[in-house]
Amino acid sequence: MIKQAEIQLPPFGRGYHLITDRIVDGIGALPEQGLLNLFIKHTSAGLSINENADASVRQDFETILNKLVPENDPDYTHTMEGPDDMPAHVKASLIGASLTVPVKNGRLDLGTWQGIYFCEFRNKAGRRRITATIYS
Amino acid sequence: MIKQAEIQLPPFGRGYHLITDRIVDGIGALPEQGLLNLFIKHTSAGLSINENADASVRQDFETILNKLVPENDPDYTHTMEGPDDMPAHVKASLIGASLTVPVKNGRLDLGTWQGIYFCEFRNKAGRRRITATIYS
Amino acid sequence: MIKQAEIQLPPFGRGYHLITDRIVDGIGALPEQGLLNLFIKHTSAGLSINENADASVRQDFETILNKLVPENDPDYTHTMEGPDDMPAHVKASLIGASLTVPVKNGRLDLGTWQGIYFCEFRNKAGRRRITATIYS
């Protein structure tokens, strides 16, 4: 059985945000057993799984990814949409647009310290759309 | 219901290539609702989702990934297959071998600006094989 | 049809380890056709697909990822769990917590040179748990 839902995120600031609760609310009742796929329909934002407790982890993600893919490199050619645009595209492919999480005993089968991250790579972005697909 | 197809890509030059149309042609009719998984059966190429409009984005991907994982670092030990080989393996794991995309209303549920990238990390590669699996 | 199994990995040293055989043993009989999803329930370890033959590839992975996300950067704020902790979180998101591999003719449909990597990013970690979900 397949169930799909569209989850709309409000505009978030640039950075890494815990959205586990929003996702759980957005998809509704879960089957006993299955898989949840989340797919973000944008090319300058991403989805990831990481530490759900300490905000300093999410702050350091921003620091580290900015060092990995710096802005304003004179070798970039795609610069018309601003200095944060091309790095945002690359970060999106490094982090990924899609997540698959198991569903077990009617719940997301996340580890104790795992949460779902929404990663906003643009300085000023609007709402973002995620398609959630549940298989059971 | 499951349907599988093998999609063969012709040799592409090193770089990032839009293959959305090839994938859509290769998988044939899509179900109303489901998921498409694409899996590339190689360790020095990858699949990603990114911007489908401006070729300069794909050019800058090449620039940025080459800076991230440079060639000819004297610390590398796996050098027998050429200077592009070991960086190609690492890029393949950073970008990923597998993509999962939702299917909705009989079409791939991609965002307006999203396309499927085939990422060729070797200087001279042959044909590449992708296994497509559709769940509905 | 869905089948789930929990696979427990013993403590591995920091680095990249081939676990294809452990996974195949842990999931038992495979269907003729389907998909296998592997999900690691931790935020400082990852799963990837890469070269299955030459141990020097896995050694260079360690070298390259350590250069990508160095330890002891004075800009990090999440430092209480040791210098390897924050870099481990970022590596986990770059490599990914989840893998989806097609199943074809009753076997994992991996390419000739592909194996499943378990990536341990911490210096001293305990056992790690993976949820395997098979769709057919």
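Our structure is the block above this text.
Residues numbered from 1 in each chain as written. Chains lettered and ligands numbered in written order. Predicted model: local features only at pLDDT ≥ 70, side-chain atom pairs only at ≥ 80, totals over all residues. Heavy atoms only, no water.

## Points about the overall build of chain A
And then number 1: Along chain A, the regular secondary structure elements total three helices and eight strands.
And then number 2: Along chain A, from the amino end to the carboxyl end, the secondary structure elements read β-β-α-β-β-α-α-β-β-β-β.
And then number 3: For 136 residues, the compact-globule estimate of 2.2 N^0.38 gives 14 Å, and the C-alpha radius of gyration of chain A, at 16 Å, lies within 12% of that figure.
And then number 4: Seen through its C-alpha atoms, chain A measures out along the principal axes to roughly 50 × 30 × 20 Å.
And then number 5: Taking all 136 residues of chain A together, the buried fraction comes to 63%.
And then number 6: Contacts in chain A between residues at least 24 apart in sequence constitute 82% of all its contacts with a sequence separation of at least 6.
And then number 7: On chain A, roughly 5,200 Å² of surface is accessible, and the fraction owed to carbon and sulfur atoms is 48%. (Helix = DSSP H or I, 4+ residues; strand = E, 2+ residues; numbered from the N terminus. Rg over C-alpha atoms; globule rule 2.2 N^0.38 Å. Buried < 20%, exposed > 50% of the residue type's maximum accessible area, 1.4 Å probe, protein only. Contact = heavy atoms within 4.5 Å. Areas by Shrake-Rupley, 256 points an atom, 1.4 Å probe, with all protein chains shown as cover.)

## Thoughts on the interface of chain B and chain A
And then number 1: The interface of chain B with chain A comprises 32 residues on the first partner and 28 residues on the second.
And then number 2: Both sides together, the interface formed by chain B and chain A hides about 2,600 Å², and carbon and sulfur atoms give 58% of it.
And then number 3: Summed over the shared surface of chain B and chain A, the result is four salt bridges.
And then number 4: The partner of Lys104 of chain B in a salt bridge is Glu6 of chain A, and the shortest N-O contact between them spans 3.9 Å.
And then number 5: Seen at the junction of chain B and chain A, the total is 20 residue pairs in polar contact (both at pLDDT 80 or more).
And then number 6: Of the residues forming the side of chain B that touches chain A, the biggest block, 10 residues, is contributed by helix 2 (residues 55–68) of chain B. (Buried area = accessible area lost by both parts, 1.4 Å probe. Salt bridge = Lys/Arg side-chain N within 4 Å of Asp/Glu carboxyl O. Polar contact = N/O pair within 3.5 Å; in protein donor to acceptor, adjacent residues only side chain to side chain.)

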